[in-house]
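Listed here are the chains, written in short residue letters.
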Protein chains: 4
Amino acid sequence: MNDLMTSGSAEKPGFASDYMEGAHPEILRRLAETNMMKSSGYGTDAFSEAARDRIRAACDAPGADVYFLAGGTQTNAVVISALLRSYQGVLSADTGHICGHEAGAIELGGHKVITLPNRDGKITAEQIAAVQYAWWRDENREHIVMPGMVYISQPTETGTLYSLEELESISAVCRESDTPLYLDGARLAYALACPENDVTLPDIARLCDVFYIGGTKCGALFGEAVVIPRFGLIPGFFSIIKQHGALLAKGRIAGIQFDTLFTDDLYRRLGENAIRTADRIRSALREKGYALAWENPTNQIFVLLDREKAAELSEYVELGFWENIDAERCVMRIATSWATSDEDVDRLIELL
Amino acid sequence: MNDLMTSGSAEKPGFASDYMEGAHPEILRRLAETNMMKSSGYGTDAFSEAARDRIRAACDAPGADVYFLAGGTQTNAVVISALLRSYQGVLSADTGHICGHEAGAIELGGHKVITLPNRDGKITAEQIAAVQYAWWRDENREHIVMPGMVYISQPTETGTLYSLEELESISAVCRESDTPLYLDGARLAYALACPENDVTLPDIARLCDVFYIGGTKCGALFGEAVVIPRFGLIPGFFSIIKQHGALLAKGRIAGIQFDTLFTDDLYRRLGENAIRTADRIRSALREKGYALAWENPTNQIFVLLDREKAAELSEYVELGFWENIDAERCVMRIATSWATSDEDVDRLIELL
Amino acid sequence: MNDLMTSGSAEKPGFASDYMEGAHPEILRRLAETNMMKSSGYGTDAFSEAARDRIRAACDAPGADVYFLAGGTQTNAVVISALLRSYQGVLSADTGHICGHEAGAIELGGHKVITLPNRDGKITAEQIAAVQYAWWRDENREHIVMPGMVYISQPTETGTLYSLEELESISAVCRESDTPLYLDGARLAYALACPENDVTLPDIARLCDVFYIGGTKCGALFGEAVVIPRFGLIPGFFSIIKQHGALLAKGRIAGIQFDTLFTDDLYRRLGENAIRTADRIRSALREKGYALAWENPTNQIFVLLDREKAAELSEYVELGFWENIDAERCVMRIATSWATSDEDVDRLIELL
Amino acid sequence: MNDLMTSGSAEKPGFASDYMEGAHPEILRRLAETNMMKSSGYGTDAFSEAARDRIRAACDAPGADVYFLAGGTQTNAVVISALLRSYQGVLSADTGHICGHEAGAIELGGHKVITLPNRDGKITAEQIAAVQYAWWRDENREHIVMPGMVYISQPTETGTLYSLEELESISAVCRESDTPLYLDGARLAYALACPENDVTLPDIARLCDVFYIGGTKCGALFGEAVVIPRFGLIPGFFSIIKQHGALLAKGRIAGIQFDTLFTDDLYRRLGENAIRTADRIRSALREKGYALAWENPTNQIFVLLDREKAAELSEYVELGFWENIDAERCVMRIATSWATSDEDVDRLIELL
């Protein structure tokens, strides 16, 4: 096995994604420490309950329902199914994760994703209101999928951030029309750790109807924590999770991980490492005259490269391919994470 | 956290289920050892490929497709959806896991579970053929759900085993009618380790069209390995898994676990501990004059108890409640596992 | 075309089913009379509104929502989907139409049909309460499909009738647990016209949450009228119908038919012809010493015949095959309808 | 009833849609003539078989499978479900009927509608090939919905026509990639009757894998004839139709209608009336200086009007509202049909 691992790409500094390693060592330590303790299944264990309490505290939402699921696509599919009536669809930026890269999971659940053109990966309260209004005014609206909820991501799929003001506007529009607002926090740690960010966990809990705190891309082996600030909002949610095959038998494994992530501020500290190292890379890129495809303050950097330069770099470091611009140029993604070391950043900067 | 764990039920010897602990220590060791290595996602990593090769070898099925999913309900839902056409249903014993305890996951996927009365938790080739024949002969068959595949479990939900002869008969009936045979191996380790068992992994690979080797209940943190002996049987299966939200981002975590389970015969050894300790308990029960609700040779014991006695015992050991027989008697389940210690068995026997 | 029609089975007296002809002539007359009038689509026309008003009056339910759909399977699928949450199933007699002869339409919509053993084609309030109670008391109920609504038929699939007392008991059990009660009235005309029947349309409207008045099998070209006595019970039902492809573009065609059926008591008169002719046949059968497979007072007669006799009879009249009892005997169905003539009954009786 | 009909909008010349009347009188005559003949159900009757043969002959497709369904949304949903694997989506112009006005019926069936920007309501072979190629080249294609079939309409939703050359190109691209091509012919009569049209029924049967010949909007009470030129292409299609609640019990009613439509060239003659009257209106509009929102040669005219003028006109004739352009202008739809009389056209022209 180790032989396999020393050949291939693993030896190169890796910036292809933020889920290339196992878990933060503290998580593994806790899993080992608790390993032979016995507990009941399906998230009814004391570890999971402890994790829920820590998350409630961090969100300043003492009455919140909290559930642990295995991954992001699954979480999006289960939450969206649970919130929508059959004839409703979900509003999303056209760059939203549910639009393109989930293999049709939302449609499998019977729902249309109604896309809005993004601006910097985001949508606005005005856009949402306009779609709702157009639907409502259309004489044929009963023949047209009703916009039944709103999906946003923080940070977005392009690494940008909603400001508190933007989030408050969106929330206000949603509340006015009794439309649930759902926030995908797959990389939430990397938003929370940003100096530019002014949206806290309590803000999210106050302004959203459902959201999830990502574990898979933020230091856990796997796992996302779904938070429903107003308890009881989704009747039968436990059964819905089970029915979707999304209920972990050994729920404790997720519970222990989130309990660890929300102990001693680990979730924030994990995020800070990613942001600090991303900022080092961003500075170096600017200094060396590289252009970014677009600006964003989180752990993903989208850099414009000559395709030749991209190929050359890729021999020594692992980058993520994003898209080709034209015959000569492409956008590559450089992702940092809780696991990014300064040594790897040094090597990357040297190579630039 | 430790405080939480020392109070409550965790201190009692636990026989309520076979997934009360974390994972076999060797799995945790391997997770720790490989933790900071980088790898690609979604099961494309070298750890997962190594695990696939070990499973192919153990099944004597060098061309098999192997996929890792997170849990049993999910696996059943994804495989059954992938195998059936929309107007087909799945044949199962009425005790089958997909009938009762999966919250309607198969129906959510659009399919009827066509139940057959079980005998010792099993169904027979004759029953399958009879249903197929009745459907075929019915003038209105196009108005009736077509039996499109067969679902069995080894061991069954009541702990019994299909013999090789039984499995061969079922397989022959299925092959004759081009009906896929799917075997749920959630507790397969406990079947394979049974002296009474005469069905090997290569037999299963030879006789079934799809099956899964259970990890969650057999020593892993989570995870089931779906094996499709004839590669390419299910076009697009990777996308189907993704679309169902069942694709693990860090596929390596499942890969490392199965690589470990199939190294140095660990999967068999895990099973043997469960069977050995279950046999000790069965002997003690017989000696002390208890009646079993039914006989079976695997890791679950179903014992008939006075409800009073059951309540008394439950103060000192954790048992699984199965069902009430009448006002006085009930069936309790005693489950052993890879983690069951002889000390706990000793304490249980003393208490009987 | 006429040649085709004079050869083949059409010349024989036909008792195979109650939908072998077109429509009651009065319906055709009204369709012709209104043919060139213009109206808006999708049931928003004045004909449909007039029909709704007549149905509301006949049901003594002035606030009822009424919708017209094309057929029975479609109606059952749409109503059941609209009433259930994803993790709920529908309770039905094992003889219920949704169990066997709808090709899995309910499961396609994501729901399990939870079957109860029938007695004379019916289920009881006690059975319903027992299943609800068992579900509620089961510790694992969140892993088990919740009984979310009750499906019954009047008359049942075996031609029997619920008495008012039985229906009131069922309704009471359902109301107590806030479980919608849905009645399938595919052949409702034939129940309402029975002297033995003591359940009126206003009773049904008072005791059920949703029901449908069958047109296809009771004199219309096609069409079923869904009645929701408490208006607004199902938000978005129009869109749900459309989304299921069950919305008729020229809704007027259904509207005109139901307007006709509920004018001058036609629906009752249609039923009476079927019951009167069925009673003539039943008397003749008894006189001639035939045994009925079971008794029922509606338009379907289930007679026990030697298979030889059945084959002989079938050369001269069209009967419906129901099932084989053993190598020698079978059950044949004799169905009368609004269209059954006394001449055909005479010929059948002669042949017996 | 007649009172209701003489008040309200019915008295005005009606150009709001092409399904405002009942059926062509010849259809009603045939329904009346055959009304009391007995026949078997579900499309197994001789009327339906005769209609199938006429359609096979008209399409020069002697081996075609032909099925009759009740309406367009239903037909689209059933055919698309039957053709796609779960992880595939359907390519359509963004103006396609399945995109906007079917209340999410395709998504309810589990599939994404992948939209392409239309040009004159149409898509091109080049666009289709480009999407297929982009999907195929994307490293992450297994995470992205696969374009699994192509949906087009003839005439399109904006009344335009595919030329034979365009259709041949699209068909060639589809065949090369083994992608089924499906043509929605809701208004096919109005395409076939156009002098500008060079695509015949045999062309469509030769170039498409599935298509439907519309009845509802072309002179029938209801009904669409699905044609599958290569028989056996969709195994189990009868059961799929039944399972979707789309199987007509009295299939003969659809059969008789299509038998009539394809006797003595009625389907073509119906179309010609619509085109002739539409052309009269188009000429008058041009003469009087009105601008069309876009050109098309079929039975729908999209005219640009001052909103004031539109309101004024609507007092005397029924027009269809299409969309507002700005504060002053809107697009109104004028639809002719088999039922449009020259008197109504005269009155409309006078009012312009």
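Residues numbered from 1 in each chain as written. Chains lettered and ligands numbered in written order. Predicted model: local features only at pLDDT ≥ 70, side-chain atom pairs only at ≥ 80, totals over all residues. Heavy atoms only, no water.

Undergrad: Is there a simple way to explain the overall build of chain A in this structure?
TA: Along the backbone of chain A there are 15 helices and 11 strands. Taking 352 residues into account, the globule formula puts the C-alpha radius of gyration at 20 Å, and chain A, at 21 Å, falls close to it. C-alpha atoms of chain A, sized along the principal axes, occupy 60 × 55 × 35 Å. Evaluated residue by residue, chain A yields a buried proportion of 63% over its 352 residues. For chain A, long-range pairs separated by at least 24 residues make up 72% of all intrachain contacts whose partners lie at least 6 apart in sequence. Side chains of chain A carry 33 positive and 51 negative charges; the gap between the two charge centres is 4 Å. (Helix = DSSP H or I, 4+ residues; strand = E, 2+ residues; numbered from the N terminus. Rg over C-alpha atoms; globule rule 2.2 N^0.38 Å. Buried < 20%, exposed > 50% of the residue type's maximum accessible area, 1.4 Å probe, protein only. Contact = heavy atoms within 4.5 Å. Lys, Arg positive; Asp, Glu negative; His and termini not counted. Charge placed at Lys NZ, Arg CZ, Asp CG, Glu CD.)

Undergrad: Mind showing me how you'd approach the relation of the copies chain A and chain B here?
TA: Superposing the two chain copies requires a rotation about an axis and a translation along that axis. Superposing chain A onto chain B takes a rotation of 180° plus a shift of 0.0 Å along the axis, which leaves an RMSD of 0.1 Å. The symmetry that links the two subunits is that of a two-fold axis. A symmetric contact is evident, with 100% of the interface residues of chain A recurring at the interface of chain B. (Least-squares fit on C-alpha atoms with pLDDT ≥ 70 in both.)

Undergrad: So what exactly am I meant to see when it comes to the packing of helix H13 (residues 266–287) of chain D against helix H15 (residues 342–351) of chain D here?
TA: A pair of packed helices is characterised by two quantities: the angle between their axes and the separation of those axes. Residues and elements named next belong to chain D. Between H13 and H15, the least distance of the axes is 10 Å, while the angle of their chain directions is 15°. One finds that H13 runs roughly parallel with respect to H15. The handedness of the crossing between H13 and H15 is right-handed. Contact residues: H13 offers Arg276, Thr277, Arg280, Ile281 and Ala284, while H15 offers Asp342, Val345, Asp346, Leu348 and Ile349. When grouped by side-chain class, the residues that make up the contact of H13 with H15 number five nonpolar, one polar and four charged. (Axes fitted to C-alpha atoms, helices over the stretch in contact; angles between N-to-C directions. Parallel < 35°, antiparallel > 145°, perpendicular 65-115°, else oblique. Left-handed = near helix turned anticlockwise from the far one by under 90°. Nonpolar A, V, L, I, M, F, W, Y, C, P; charged D, E, K, R; others polar.)

Undergrad: What should I look at first to understand the domain arrangement of chain A in this one?
TA: Residues and elements named next belong to chain A. When cut into domains, chain A gives domain 1 (2–17 + 266–351) and domain 2 (25–261). Counting across the interface, domain 1 meets domain 2 through zero salt bridges. Linking domain 1 with domain 2 are seven residue pairs in polar contact (both at pLDDT 80 or more), by the criterion used here. Mapped by element, the contributors of at least two residues to the side of domain 1 that touches domain 2 are helix H13 (266–287) and strand S9 (300–306). Looking at which element gives the most residues to the side of domain 1 that touches domain 2, the answer is H13, with eight residues. Looking at the side of domain 1 that touches domain 2 residue by residue, the classes come out as 10 nonpolar, six polar and four charged. (Domains from an automatic or database assignment. Salt bridge = Lys/Arg side-chain N within 4 Å of Asp/Glu carboxyl O. Polar contact = N/O pair within 3.5 Å; in protein donor to acceptor, adjacent residues only side chain to side chain.)

Undergrad: What am I meant to see in the environment of Ala205 of chain C here?
TA: Residues and elements named next belong to chain C. Structurally, Ala205 is set in helix H10 (residues 201–207). Along the backbone, Ala205 and Gln300 are 95 residues apart, and their C-alpha atoms lie at a distance of 25 Å. Here Ala205 is in contact with Cys59, Ala61, Phe211 and Pro229, once residues within four sequence places are set aside.

Undergrad: Where do I start with the interface of chain C and chain B in this structure?
TA: On the side of chain B, 16 residues touch chain C, which itself brings 16 residues to the contact. For the chain C and chain B pair, buried surface summed over both sides reaches about 1400 Å², with 51% attributable to carbon and sulfur atoms. Of all residues in chain C, His101, Glu107 and Lys112 of chain C bury the most surface against chain B, accounting for 32% of the area lost on that side. Summed over the shared surface of chain C and chain B, the result is two salt bridges. The partner of Glu107 of chain C in a salt bridge is Lys112 of chain B, with the nearest N and O atoms 3.2 Å apart. (Buried area = accessible area lost by both parts, 1.4 Å probe.)

Undergrad: Got a minute to help me understand the relation of the copies chain C and chain B in this structure?
TA: Rotating chain C by 180° and moving it 0.0 Å along the rotation axis overlays it on chain B with an RMSD of 0.0 Å. Most of the interface of chain C is mirrored in chain B: 100% of its interface residues are interface residues there too.

Undergrad: How do you make sense of the state of the cysteines when you look at a structure like this?
TA: Structurally, a disulfide amounts to a covalent bond that connects the sulfur atoms of two cysteines. Tallied over the full model, the rule gives zero disulfides over all chains. Not part of a disulfide, Cys99 of chain A finds its nearest cysteine sulfur in Cys99 of chain D, a span of 15 Å. (Disulfide = S-S within 2.5 Å.)

Undergrad: I tried to follow the sheet that holds strand S8 (residues 291–292) of chain D on my own but got confused; where do I start?
TA: Consider a sheet: its strands pair through backbone hydrogen bonds, and that pairing is either parallel or antiparallel. All names here are of chain D. Here we have four strands laid out as an open sheet, ordered S8-S9-S11-S10, and antiparallel in their pairing. Strands with a single pairing partner mark the edges of an open sheet, and in this sheet they are S8 and strand S10 (320–324). Across two bridges, S8 lies against strand S9 (residues 300–306) in antiparallel orientation. Counted as the bridge partner of Ala291 is Leu304 from S9. Running at roughly 120° to S9, helix H14 (residues 307–314) makes contact with S9, S10 and strand S11 (329–335) of the sheet. (Pairing = 2+ DSSP bridges.)

Undergrad: Would you take a moment to explain the sheet that holds strand S2 (residues 88–93) of chain B for this structure?
TA: Residue and element names in this part refer to chain B. What the seven strands build is an open sheet, ordered S1-S7-S6-S5-S4-S2-S3; its pairing is mixed. In this open sheet, the two strands that pair with only one neighbour each are strand S1 (65–69) and strand S3 (113–116). Shown here is a sheet whose adjacent strand axes are inclined to one another by a mean of 25°, direction ignored. In the packing of helix H8 (residues 164–176) onto the sheet, the strands contacted are strand S4 (146–153) and strand S5 (181–185), and the crossing angle to S5 comes to about 145°.

Undergrad: Before we go on, may I ask you to explain unusual backbone geometry in this structure?
TA: Backbone geometry follows two general trends: most residues other than glycine have a negative phi, and most peptide bonds adopt the trans configuration. Residues Gln154 of chain A and Pro155 of chain A are joined by a peptide bond in cis, for which omega reads -10°. Note on placement: Pro155 of chain A falls in the loop between strand S4 (146–153) and helix H8 (164–176). One non-glycine residue with positive phi stands out, namely Asp178 of chain A, at about 60°. Since its relative accessible area comes to 71%, Asp178 of chain A is described here as exposed. You will see that Asp264 of chain B, though not glycine, has its phi angle at about 50°, which is positive.

Undergrad: I tried to follow the interface of chain A and chain B on my own but got confused; where do I start?
TA: Quite often, the size of an interface is put as the accessible area lost when its parts meet. With 53 residues of chain A in contact, the opposing surface of chain B contributes 53 residues. For the pair chain A and chain B, the summed buried surface comes to about 4800 Å²; carbon and sulfur atoms form 63% of the total. Area buried by chain A at its contact with chain B is led by Lys38, Gln243 and Lys250 of chain A, which between them contribute 17% of it. Our count for the contact surface shared by chain A and chain B stands at two salt bridges. With its nearest N and O atoms 2.5 Å apart, the salt bridge here joins Glu21 of chain B to Lys38 of chain A. With six residues, the top contributor of residues to the side of chain A that touches chain B is helix H2 (residues 25–33) of chain A. Class assignment for the residues of the side of chain A that touches chain B results in 27 nonpolar, 15 polar and 11 charged.

Undergrad: Please clarify how the environment of Lys250 of chain A should be interpreted in this entry.
TA: Tracing the chain through its elements places Lys250 of chain A in the loop between helix H11 (237–243) and helix H12 (251–261). Taking C-alpha positions, Lys250 of chain A is 24 Å from Ala105 of chain A, a pair spaced 145 residues apart along the chain. Among all residues touching Lys250 of chain A, those that are not within four sequence positions of it are Tyr19, Glu21, Gly22, Thr216, Ala220 and Leu221 of chain B.

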